[in-house]
Amino acid sequence: MSTFAAAVLFAGVLAYAVLGGADYGAGFWDLTAGGAERGRRPRQLIDAVLAPVWEANHVWLIFCLVMLWSAFPTAFAAIMTTLYIPLGVAGLGVVLRGSGFAFRKVLVVTDHQRAAGAAFAVSSVITPFCFGTVAGGIASGRVPSTGGGDPVGSWLNPTSVLGGVLAVLACAFLAAVFLTAEARRRRDEPLRRWYARRARLAALVTGAVALAGIAVLHADAPRLLDGLLTRGLPLMIVSALCGLGSLTLLRHASPRAAQAAAVGAVGTVVAGWGVAQYPYLLGDHLRITEAAAPTPTLAALTVVAAAALLLVVPSIALLFVLHQSGRLDSH
């Protein structure tokens, strides 16, 4: 039952990485779109695409937190008492990002609009970077089972920085593919080309950083690298193929196919991390079974999680279907 709870928890992580990642990546392109006039049209598409869904995707973050502290309280305490700096910055980034996105469209003073837009864009980069450093700290074994680990070295280390950079790049790639597909759906050829170029650039840089990361992991987290190159290797190969496929499909196939391939590219990378980490929850010193709550708690949590997913998944699926079909464009 503890393994099942861990799988459900990781499914939430996967959903947030893909759905929330696309949102964060849109903020990356907002930040790098250029000045007010040059970046006006790319930012308008970002606003139109994010408006119906940006809040809904944080459901998965809440789901992960509840699952972690309920099913694995020991690991939750260890993570929170060690990685509280990046987690705190990420939490602040979520708030500032949402506030900036909401207020920049209703403020009437130009300077205020720019400040709100900057808060949205900068937070969209800082937040996934911090989440990536948290994943790197956990995977490299820098979170002690008893908690209270090094508050700085636990997330400012080679593996964590690699995780943070890859998180930002993966989000940027995913968002660029989604925005390219959206521009194509709207028959806006100049904007489609604008985002397609950035999707190719993001894919190239992400691949280069991932290859360079092999040397980083070899020196700093050899057990994680061994898991990625053995149990996780099929998923890494699928990720590379999906990434290449999404770039090809952007121009020669349905936008939906390109989006699905991009989701597969990012999702399989995250899944590969989970496979490489198994059966440990923290590094290679705290197993899932050791960190799990008592069996009655896990049983009750399973029922509650199943009920929550039965309510949430269809609702979010309906939201995305309406959004992708263009029925929410007028709202």
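In what follows, the structure referred to is the one given above.
Here's a quick rundown of the structure. (Residues numbered from 1 in each chain as written. Predicted model: local features only at pLDDT ≥ 70, side-chain atom pairs only at ≥ 80, totals over all residues. Heavy atoms only, no water.)

Some thoughts on the packing of aromatic side chains
Next up, step 1: Enumeration according to the criterion identifies eight aromatic pairs in this entry.
Next up, step 2: With centroids separated by 6.0 Å and ring planes inclined at 85°, the aromatic side chains of Tyr16 and Phe131 adopt a geometry described as edge-to-face. Of this pair, Tyr16 sits in helix α1 (residues 2–31) while Phe131 is found in helix α6 (residues 110–139), placing the two residues 115 residues apart along the sequence.
Next up, step 3: By relative accessible area, which is 24% here, Phe131 ends up partly exposed.
Next up, step 4: One aromatic cluster in this structure is built from Tyr16, Tyr24 and Phe131.
Next up, step 5: The ring of Trp194 has Arg198 lying over it, and the distance from NZ or CZ to the ring centre is 3.5 Å. (Phe/Tyr/Trp six-rings, centres within 6.5 Å; stacked < 30°, edge-to-face > 60°. Helix = DSSP H or I, 4+ residues; strand = E, 2+ residues; numbered from the N terminus. Buried < 20%, exposed > 50% of the residue type's maximum accessible area, 1.4 Å probe, protein only. Lys NZ or Arg CZ within 6 Å of the ring centre and 35° of its normal.)

Here we look at a nonpolar patch on the surface
Next up, step 1: A surface patch of nonpolar side chains, amounting to about 270 Å² of accessible area, comprises Leu31, Val89, Val122 and Ile126.
Next up, step 2: By the secondary structure assignment, Ile126 is in helix α6.
Next up, step 3: Residue classification places Ile126 among the partly exposed positions, given a relative accessible area of 37%. (Patch = residues over 30% accessible without salt bridge, like charges linked within 9 Å, V, L, I, M, F, W, Y side chains within 5 Å. Areas by Shrake-Rupley, 256 points an atom, 1.4 Å probe, with all protein chains shown as cover. Salt bridge = Lys/Arg side-chain N within 4 Å of Asp/Glu carboxyl O.)

Observations concerning the nonpolar core
Next up, step 1: Judged by nonpolar contacts, the single largest core of 37 residues is most densely connected at Phe72 and Leu282.
Next up, step 2: Looking at this core, the elements that each hand over two or more residues are α1, α3 (59–71), α4 (73–82), α6, β1 (280–282), α12 (288–291) and α13 (295–324).
Next up, step 3: Formed by 30 residues, the second largest nonpolar core is a distinct cluster that contains Ala22, Ala26, Leu45 and Ala199. (Core = buried A, V, L, I, M, F, W, Y, C linked by side-chain atoms within 4.5 Å.)

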